[in-house]
Amino acid sequence: MEVLQTDGNENGKFYIKWEGETMAEMTYTWRGTGRIIINHTVVDERLKGKGAGKQMVVAAVTFARAKGISIIPQCQFAKSVFDKVGELRDVL
């Protein structure tokens, strides 16, 4: 599974397409120029249990590290990933 991204001036998303259809999506909102707020994650039933949600959080962390920004995980799923995976917390 490949995590794709769209990013705009105010918001963006990480998403996974499978068989031509968007099957997972994690949205975020920019807060100023140095921080994003992850506000929602949804994964289609067909991808549940395959690590799609975690892959999107990891993609967000990679993006944050590359941009030198931080992440606020408002979404409960994203927050749970950060709680479980200590090596991702440097962007919080």
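Residues numbered from 1 in each chain as written. Predicted model: local features only at pLDDT ≥ 70, side-chain atom pairs only at ≥ 80, totals over all residues. Heavy atoms only, no water.

Regarding the nonpolar core
Then step 1. Membership of the largest hydrophobic core comes to 28 residues, with the highest contact counts inside it found for F14, I38, I71 and F82.
Then step 2. Only β2 (11–18), β3 (21–30), β4 (35–43), α1 (52–67) and α2 (76–84) provide two or more residues apiece to this core.
Then step 3. Top element by residues in this core is α1. It accounts for eight residues. (Core = buried A, V, L, I, M, F, W, Y, C linked by side-chain atoms within 4.5 Å. Buried < 20%, exposed > 50% of the residue type's maximum accessible area, 1.4 Å probe, protein only. Helix = DSSP H or I, 4+ residues; strand = E, 2+ residues; numbered from the N terminus.)

Describing the sheet that holds β2
Then step 1. The strand order across the open sheet built from five strands is β1-β2-β3-β4-β5, with neighbouring strands paired in mixed fashion. Of all strands in the sheet, those bounded by a partner on one side alone are β1 (3–7) and β5 (70–73). The mean inter-strand angle of the sheet, taken between neighbouring strand axes irrespective of direction, is 30 degrees.
Then step 2. Sheet topology places β4 next to β5; four bridges connect them, and they run parallel. Paired with I37 across the two strands is I72, which belongs to β5. (Pairing = 2+ DSSP bridges. Axes fitted to C-alpha atoms, helices over the stretch in contact; angles between N-to-C directions.)

Examining unusual backbone geometry
Then step 1. One non-glycine residue, E19, adopts positive backbone phi at about 55 degrees.
Then step 2. Within the secondary structure layout, E19 lies in the loop between β2 and β3.
Then step 3. Note on E19: relative accessible area 68%, which makes it exposed.

Everything listed here is a matter of coordinates, which is why it stays silent on function.
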